[in-house]
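# Notes for the structure review
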Protein chains: 4
Amino acid sequence: MVKIYVAVQGATGYAGGELIRLIEDHPCFAIRHLAAHSQAGKKVSGVLPGISGPTSAMTLAASDAPLPDDVQLVFTALPHGAAAQSVKAALDKGKRVVDLSADFRHRNIATYKAAYGLDHPHPELLKDAVFGLTEFSRTDLPGTRLVANPGCYPTSTLLPLLPLLQAGVLDTGRIIVDSKSGASGAGRGTKTDLLYCEINESVQAYGLPRHRHTWEIEEWAEGFSGEAVSVQFVPHILPMTRGMLTTLHLFGQRPEGWHTILERTFIHEPFVRVLPEGSLPSTKAVNGSNRCDIGLMATGKNTAVVISCLDNLLKGAAGQAVQNANIMFGLDESSGLSAQAIWP
Amino acid sequence: MVKIYVAVQGATGYAGGELIRLIEDHPCFAIRHLAAHSQAGKKVSGVLPGISGPTSAMTLAASDAPLPDDVQLVFTALPHGAAAQSVKAALDKGKRVVDLSADFRHRNIATYKAAYGLDHPHPELLKDAVFGLTEFSRTDLPGTRLVANPGCYPTSTLLPLLPLLQAGVLDTGRIIVDSKSGASGAGRGTKTDLLYCEINESVQAYGLPRHRHTWEIEEWAEGFSGEAVSVQFVPHILPMTRGMLTTLHLFGQRPEGWHTILERTFIHEPFVRVLPEGSLPSTKAVNGSNRCDIGLMATGKNTAVVISCLDNLLKGAAGQAVQNANIMFGLDESSGLSAQAIWP
Amino acid sequence: MVKIYVAVQGATGYAGGELIRLIEDHPCFAIRHLAAHSQAGKKVSGVLPGISGPTSAMTLAASDAPLPDDVQLVFTALPHGAAAQSVKAALDKGKRVVDLSADFRHRNIATYKAAYGLDHPHPELLKDAVFGLTEFSRTDLPGTRLVANPGCYPTSTLLPLLPLLQAGVLDTGRIIVDSKSGASGAGRGTKTDLLYCEINESVQAYGLPRHRHTWEIEEWAEGFSGEAVSVQFVPHILPMTRGMLTTLHLFGQRPEGWHTILERTFIHEPFVRVLPEGSLPSTKAVNGSNRCDIGLMATGKNTAVVISCLDNLLKGAAGQAVQNANIMFGLDESSGLSAQAIWP
Amino acid sequence: MVKIYVAVQGATGYAGGELIRLIEDHPCFAIRHLAAHSQAGKKVSGVLPGISGPTSAMTLAASDAPLPDDVQLVFTALPHGAAAQSVKAALDKGKRVVDLSADFRHRNIATYKAAYGLDHPHPELLKDAVFGLTEFSRTDLPGTRLVANPGCYPTSTLLPLLPLLQAGVLDTGRIIVDSKSGASGAGRGTKTDLLYCEINESVQAYGLPRHRHTWEIEEWAEGFSGEAVSVQFVPHILPMTRGMLTTLHLFGQRPEGWHTILERTFIHEPFVRVLPEGSLPSTKAVNGSNRCDIGLMATGKNTAVVISCLDNLLKGAAGQAVQNANIMFGLDESSGLSAQAIWP
């Protein structure tokens, strides 16, 4: 079978590494070009010890090195701002792009500026971008040349929230989102705060009063449901490498019926599992998979707790990116992805 | 100096072990009697490897073995139901008791039954019990013979919540309490769910729809403030041994003034530290200490996030028990306790 | 494509769970029957939360339930002693078996008795068993009906040791093997020693003076090399779920040439990677993969340190079992297995 | 009681932080001056969140800021090379110094150069330095003005090794030392290798072929026993913050008598515990304490495994430093130190 050649920009971060792994084991995609910023010129094996085989012997190109002609698909896993440049360059050469950064997630450049403090580098491309929350964007993906892959927190929040918003059962003025993330979500930067000894045996909140992903959650909650919402979002970093659990404290009407709403929405989804009512998900049950597990428990006449779990590097990043790319290229949506967790 | 002799009932659990450690290094208390249920007859060294010196060579008595006459103070760290029996026996022999179980935390036996599913074994003793949230119970402690030591979740919730309730600034109908606890809070029972491989690299909620501590939080929120409150409490278990972080999502009036309220309340407290506004606490900064750190961040015109951190086995259990006992016996409240964390 | 139907006996332990995951994602094998001992009658989803899809809804049969006729391959992941019974029953029904227990690893029943304290339940089957250290047993696997899958410690020890023994360069009288294993190697039994709070932030040796795997290492070191060896083997349990690192402290002649010996032996192996001289492996670089990484460093004129890393549940258990089964059934040896690690 | 004023140089590393904690809770020492290099000018609270009370509000002085006149004792917790400069300056002002760096641990500048690649900055001071392995240096400590505090690996190796060397029972030509350390031993530098996500769920060896501490172990093994020894030392970094376990694989005569040798040596020591024969230590049982636990198991006619455990930041660094300082100043050796572990 002829493979589709792929490039990864920002190959040496944690999401970049997962992209390489997924492509290595993918039946239709093949690595053709790997680029990195500070690590350019090094061999993959010196930076990503988990990768073996011929790819591990490849040399990392510079971020701005020209893309090979036979590359059809580019994944950009770069910081916001920098990503937009690479996306532009790739689109200009006729490639299709899945961008894992925040650069094309907002339809409005004022929102982008509020969240990221930057003037958008390429606002002219925004109209082409599909926000790739796969389960809600599926029909827009096949034709697009640019997918804005959602953030991990927005994915974990929107998947359980959207069906309830679309059903009109929520009190949209007080949506409390309390998220817990493994440390890999904070990236591979060499910061004191991310040292093993500072993270281990500790938990803390961060990003307050308004974490950047709050804008993304609010924009797409409304974008997909038509309902304006106000979200209080508090993320926490936990002593684990992977995994994200989001606890939604929700108010609304007749929560005893919400479980059915969730179940109906996701019943045929390969990568979203709604647990039986009263059953609560754990991150361990999704780590290493592209799955999002959702549990719901009514806690009062007008209140419920809804909890989602996913692997922040997979369904929250590289896995969803491959899922989106599969659809873009007309492949089986599950190609190269597993719904089974590496457990324990 | 003449030491005050102490017994610990339930010496081989995690809180029991911490009690022994604290008493070993305490200037005025001394271990005289250690009892356990399933481990009775064994040496301390075989069950609690962290204890060294003469105490480690002691043999564990049975739970119902008679208390030595010279014991003045008994700590009971037993399961609810069983604790009440031991408390009764100790009081009958004229001892003073700090009970770490839930048995004497509720003033109303109907609440106790709702939360624990038991008819209270000794309701006649309830009138004697002081709920030992030290910072709010200080004046009642010196004269009492029975302290009901608060639960870890209630301690971590009530310390930051009570000053705001007392100030009357909160919307008391929608108090969201999202707690994250290290695994030692779940005890030392040999359950599959508590195995290393099941807890590590995982997070999950539990105890829904209404964890037992919800009743304790609501009862004492009202008990200390006079305000009836409704709490949605969702606890999570995290891959760490110790530490508890409680995130309160609060609604109310003028949250920009709440930091001052907290600061004023606790300014002279040896074991409560209110961080500068905008600074967020971490559990690592309190582990191994008897301290509770509190941070606050206004997130909107009517909303704020308040976060507390404590070591669930110290300020959340054995540390607060010793703090209470210090006051009962007229000692310096800080005797044998440290405000410094074992960090990192 | 017609699938080969598979049964897993002992499906609810950690190795059993990995077997199910691997088979779920395998192109040629399919789960047909899952049996367990204490969990029989439960649904898979209640015991193995990481498994999703139709298999998660299967009910666990009892260990002694009859195997379906269309099952061709049985994996037994049961305790020693019990495994032999299930193996016998499966062979009697004409199935082919990969046994992950120790029951068929020893050619000599006296050795088995010394190591496991049992009279061998079915010594008549020993002559049929192939010791499935894939890289050294490859030619014997296609025709066999019974594979004794090696232990995790023996796999991690023998892979780096055998090439050096076969080359005759080692002082065979003083081979020091110091192994470090993640906690999943100790199984899923509900023992106090395996609780999260006892394992986390701790390391200790166990199994001294002579861990059971010492016999297996010595027997097969000689079995594959013809050289009798004396091994001092000290295993340690570490605060991590998966991963095994084995440090061999070796004495012998001209260690500067040993790296070449290792490299030549494994150069075409899909699942053994010899790192460049001076490069040291880490368990993180192999976790989630079926790979064994080996590093070597000469430390003196007659001494070297050789270090191997593997995932104890994969190349050390379920992964190697599938690798062996692939060869038994004439499939591509790598089917359903990955050489890429889940990293970080 | 009049306190002895203390300065800490290098206050913001992990050992520096532990020194501050220990001094804060010490009955006779008091913090007077805290200096740091890159963090100078910051408040303690911004860098060491575990410290509370007045000390947390102190501003960190620059490393070369003059020491206050009333400071009598200086702890230097600086990198090698830099430490010697600070030690010289402190001694010149008449202070007494406990140096936690390697700068004064070697009596021979050629050894120092071989191990650290530096010409010794102040060789004239070497004659004044006492190597502070407390249990073997006790008589030299009261009169000295400079203590070279041992490294963590040498402490954990020499404590169990020296009694056996002194007894003359070991084969000194093949001493295998396989050490496992928590990540805090690698310091607080912002290196990719020390990030949470790289250390967690991983173990690896490092520092080969000859880690710097090998020279220190060999020098003082001979220094205290008179026997020249050859050590193969292999350190590993583990996914835990604290704790060091050293496994010694030893050859020699009549290992059945070695336990008695260890027991007799340490029977009156407050901070060394020899476990009953056959009992194996764990790091969790010493973490947070200044204790070293030692276990021994004969494994053959001429072989034994001896295992020591200590907290690398306490008995392996700051704890032993305070123990030495206590003796220097004529205080109770145990002042401000605990033999009880923070367990679990």
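Everything here concerns the structure above.
Residues numbered from 1 in each chain as written. Chains lettered and ligands numbered in written order. Predicted model: local features only at pLDDT ≥ 70, side-chain atom pairs only at ≥ 80, totals over all residues. Heavy atoms only, no water.

### Comments concerning the sheet that holds strand β5 (residues 96–99) of chain A
Residues and elements named next belong to chain A. With parallel pairing, the seven strands of this open sheet are ordered in space as β3-β2-β1-β4-β5-β7-β6. Looking at the sheet topology across the chains shown, the edges are occupied by β3 (61–62) and β6 (129–131). When strand β2 (residues 29–36) meets β3, the two strands line up parallel, connected through two bridges. Bridged to A35 within β3 is A61. Most of the contacts of helix α1 (residues 14–24) go to β2, to which it runs at about 160°, and overall it touches β1 (4–9), β2 and β4 (71–76). (Pairing = 2+ DSSP bridges. Helix = DSSP H or I, 4+ residues; strand = E, 2+ residues; numbered from the N terminus. Contact = heavy atoms within 4.5 Å. Axes fitted to C-alpha atoms, helices over the stretch in contact; angles between N-to-C directions.)

### Some points on the relation of the copies chain C and chain D
Overlaying chain C with chain D gives an RMSD of 0.0 Å, the required rotation being 180° about an axis along which the chain moves by 0.0 Å. Taken together, these values place the two copies in the relation of a two-fold axis. No C-alpha of chain C approaches the rotation axis more nearly than that of P239 of chain C, which lies at 3.2 Å. (Least-squares fit on C-alpha atoms with pLDDT ≥ 70 in both.)

### Brief notes about the environment of F136 of chain B
Residue and element names in this part refer to chain B. Of note, F136 is situated in helix α5 (residues 134–137). With a relative accessible area of 19%, F136 lands in the buried category. Residues F136 and P163, 27 residues apart in the sequence, show an inter-C-alpha distance of 9.9 Å. Leave out the neighbours within four places in its chain, and F136 touches L159, L162, P163, Q166, F224, T265 and F266. (Buried < 20%, exposed > 50% of the residue type's maximum accessible area, 1.4 Å probe, protein only.)

### Overview of the state of the cysteines
Per the counting criterion, the structure on display carries zero disulfides over all chains. This cysteine, C28 of chain A, is not joined by any disulfide, and C28 of chain C carries the nearest cysteine sulfur, 17 Å off. Under the relative-accessibility criterion, C28 of chain A is labelled buried at 8%. C309 of chain D provides the cysteine sulfur closest to C292 of chain D, a residue in no disulfide bond, and the two sulfurs are 7.6 Å apart. For C292 of chain D, a relative accessible area of 0% gives the class buried. (Disulfide = S-S within 2.5 Å.)

### Here we look at the interface of chain C and chain D
Taken residue by residue, the interface counts 43 residues in chain C and 43 residues in chain D. Summing both sides of the interface, chain C and chain D together bury roughly 3400 Å²; the carbon and sulfur share of this comes to 62%. A per-residue breakdown of the area chain C buries against chain D is headed by E201, V203 and Q232 of chain C, which together make up 17% of the total. Here chain C and chain D share two salt bridges between them. (Buried area = accessible area lost by both parts, 1.4 Å probe. Salt bridge = Lys/Arg side-chain N within 4 Å of Asp/Glu carboxyl O.)

### So, unusual backbone geometry
Residues W343 of chain B and P344 of chain B are joined by a peptide bond in cis, for which omega reads 5°. Relative to the elements of secondary structure, P344 of chain B occurs in the segment after α10 (314–328). Positive phi outside glycine occurs at R254 of chain C, with the angle close to 45°. Examined against the element boundaries, R254 of chain C turns out to sit in the loop between β11 (244–251) and α9 (258–266). When its relative accessible area of 62% is taken as the criterion, R254 of chain C is described as exposed.

### Regarding the packing of helix α4 (residues 109–116) of chain C against helix α8 (residues 213–225) of chain C
All names here are of chain C. It is the contact of α4 with α8, at a shortest axis distance of 8 Å, that shows an interaxial angle of 150°. It follows that α4 is roughly antiparallel to α8 by the angle criterion. Residue-level contacts link T111, A114, A115 and Y116 of α4 to H213, W215, E216 and E219 of α8. Of the residues contributing to the contact of α4 with α8, the split by class is four nonpolar, two polar and two charged. (Parallel < 35°, antiparallel > 145°, perpendicular 65-115°, else oblique. Nonpolar A, V, L, I, M, F, W, Y, C, P; charged D, E, K, R; others polar.)

Function cannot be read off these values alone, since they describe shape.
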